[in-house]
Amino acid sequence: MRDIHIDTVDHTPRPIVAITNDYPDGFRIPPHCHRRGQLISGATGLVVMTTPHGTWVMPPQRGMWIPPGAVHNVRIVGAVRMHSLYIEPEAAQGMPDHCQVVGIHGFMRALIVEAFELPLEYPLSGRPGALMELLGHEIARLTALPLSLPYPRDERLAALCRRFMTAPNIHETIDDWSGALGMSRRAFTRLFRRETGLSFVGWRQQACLLSALPHLAAGTPVTAVAMDLGYENPAAFTIMFKKAFGLAPLAYLGLRGVPGTVDIPAQAAAMSPKLRSIDAP
């Protein structure tokens, strides 16, 4: 079914409810949560999701798992036809209790397409029931992708992270942050790893990468993105990007040079003096 809100069909007596919704570039969905778990995917555009605990970025041809009850807000970059599978909590047992971006392989994509051809109250027996049961099994097997950024619970540290995400720069240092908090370098590094599970350098790099994705998807040139993040040249940024994701930026987003990916026309993007990046909580 298309362009309906889950609340209108949440009561449907089926373990999985399949809905599609079209969202324009720049659309924002305010903080909300669902009783069911949700797996979203899309062929075009990019989805940025933020919770009090972190940020996740879903490029085209990938998916995102949102567990039942997780409060989240969403920003759309580029037009997105969002495919959503809403899963009853009992049927979602065994799924992660945290949000994550996942890979959507060809077989899974084919199952999702078939699911949207079924009526909302599909028969529980026969091919429809077997198809949706198989879909549930495959959802549990999806591979998590490194497209998340954890936020600390310590409010002093979280404030610095939120500030960084408004104008990310690869050259900010441990000394900059520890000095702002009035902490020793050693105490800061321990606190940062305890709160985020990452080193400061690892978190900073991940923050810059995820900040870059919405701008690249919107058509901002790689050179401009790299310069705004503080890289001396686009080659240095591309090397870091390929090391993290295995492909150059435009290829990773399906914008250039990868057979079998969707060609998404680059859109003109006005450049600001600094990247105004992923929404911080």
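See the structure printed just above.
Numbering of residues starts from 1 in each chain and follows the order in which that chain's sequence is written. Residues qualify for local features only when their pLDDT is at least 70, as the model is predicted, and side-chain atom pairs are given and counted only at 80 or more; totals for whole chains, interfaces and linings, by contrast, use all residues. Calculation of side-chain values draws on the structure's entire complement of heavy atoms; hydrogens and water are dropped beforehand.

*Asks:* Account for the packing of aromatic side chains, naming residues and giving values.
*Replies:* Centre distance within 6.5 Å is the pairing criterion for rings of Phe, Tyr and Trp, where only the six-membered ring of Trp is used; planes under 30 degrees apart are then read as stacked, over 60 as edge-to-face, and the remainder as tilted. The tally for this structure, following the rule as stated, stands at 16 aromatic pairs. On the numbers, 5.6 Å between centres and 65° between planes, the contact of Tyr 231 with Phe 237 is edge-to-face. Per residue, the accessibility class of Tyr 231 equals that of Phe 237, and both read buried. Site record: aromatic cluster; members linked through ring pairs are Phe 164, Trp 177, Phe 188, Phe 192, Phe 200 and Trp 203. Just above the ring of Tyr 122 sits the side chain of Arg 14; from NZ or CZ to the centre is 5.6 Å. Above the face of the Tyr 252 ring, Arg 62 is positioned so that its terminal group lies 4.2 Å from the ring centre. Note on exposure labels: buried denotes an accessible area under 20% of the residue type's maximum, exposed denotes more than 50%, and partly exposed covers the range between, all computed with a 1.4 Å probe on protein chains only. Lysine NZ or arginine CZ positioned within 6 Å of the ring centre and within 35 degrees of the ring normal marks a charge as sitting over the ring.

*Asks:* If you had to explain unusual backbone geometry to someone new, which residues and values would you point to?
*Replies:* Here the phi dihedral of Gln 61 falls at roughly 70°; this positive angle occurs in a residue that is not glycine. The residue Gln 61 is located in the loop between strand E5 (54-58) and strand E6 (62-66) in this model. Helical segments are the DSSP runs of H or I of at least four residues, strand segments are the runs of E of at least two, and each set is numbered from the N terminus.

*Asks:* Explain helix H8 (residues 234-245) to me, using residue names and the numbers behind them.
*Replies:* For a helix, the expected span equals 1.5 Å multiplied by the residue count minus one. An ideal rise of 1.5 Å per residue puts 16 Å on twelve residues; H8 measures up with 16 Å between its terminal C-alpha atoms. Burial in H8 covers these residues: Phe 237, Met 240, Phe 241 and Phe 245. What you see down the axis of H8 is that its buried residues fit within an arc of 110°, all on one side. Exposed residues lying more than 90 degrees from the buried face of H8 are Ile 239 and Lys 243. In what follows, a contact means two residues having at least one pair of non-hydrogen atoms within 4.5 Å. The inward-facing, buried residues of H8 contact helix H6 (200-217), helix H7 (222-228) and helix H9 (249-252). For this quantity, the arc is that covered by the directions from the helix axis to the C-beta atoms.

*Asks:* Got a sec to walk through the packing of helix H3 (residues 155-166) against H6? Specific residues and values, please.
*Replies:* Across the interface, H3 lies against H6 with an axial gap of 10 Å and an inter-helix angle of 40°. In terms of orientation, H3 and H6 fall into the oblique class. Note that H3 runs across H6; the crossing there is right-handed. Contacts between H3 and H6 involve Cys 161, Phe 164 and Met 165 on the former and, on the latter, Trp 203, Arg 204, Ala 207, Cys 208 and Ser 211. Residues of the contact of H3 with H6, tallied by class, amount to six nonpolar, one polar and one charged. Lines fitted to the C-alpha atoms define the axes, with helices restricted to the stretch that makes contact. Angles between their N-to-C directions range from 0 to 180 degrees. Under this scheme an angle from 65 to 115 degrees is roughly perpendicular, one under 35 degrees roughly parallel, and one over 145 degrees roughly antiparallel; angles in between are oblique. Should the near helix be turned counterclockwise from the far one by less than a right angle, the crossing is left-handed, whereas a clockwise turn marks it as right-handed. For this scheme, ten residues count as nonpolar: Ala, Val, Leu, Ile, Met, Phe, Trp, Tyr, Cys and Pro. Four count as charged, namely Asp, Glu, Lys and Arg, and the remainder, Gly too, count as polar.

*Asks:* Residue-level account of the sheet that holds strand E4 (residues 46-51), with values.
*Replies:* Being paired, for any two strands, means DSSP has found at least two bridges between them. Strand order in this open sheet of five strands is E2-E7-E4-E5-E10, and the pairing throughout is antiparallel. With partners counted over all chains shown, the strands left at the sheet margins are strand E2 (28-32) and strand E10 (148-150), one partner each. Across the sheet, the axes of successive neighbouring strands diverge by a mean angle of 10°, strand direction being ignored. As paired strands, E2 and strand E7 (residues 72-77) are joined by three bridges and run antiparallel to one another. Within E7, the position partnered with His 32 by the bridge is His 72.

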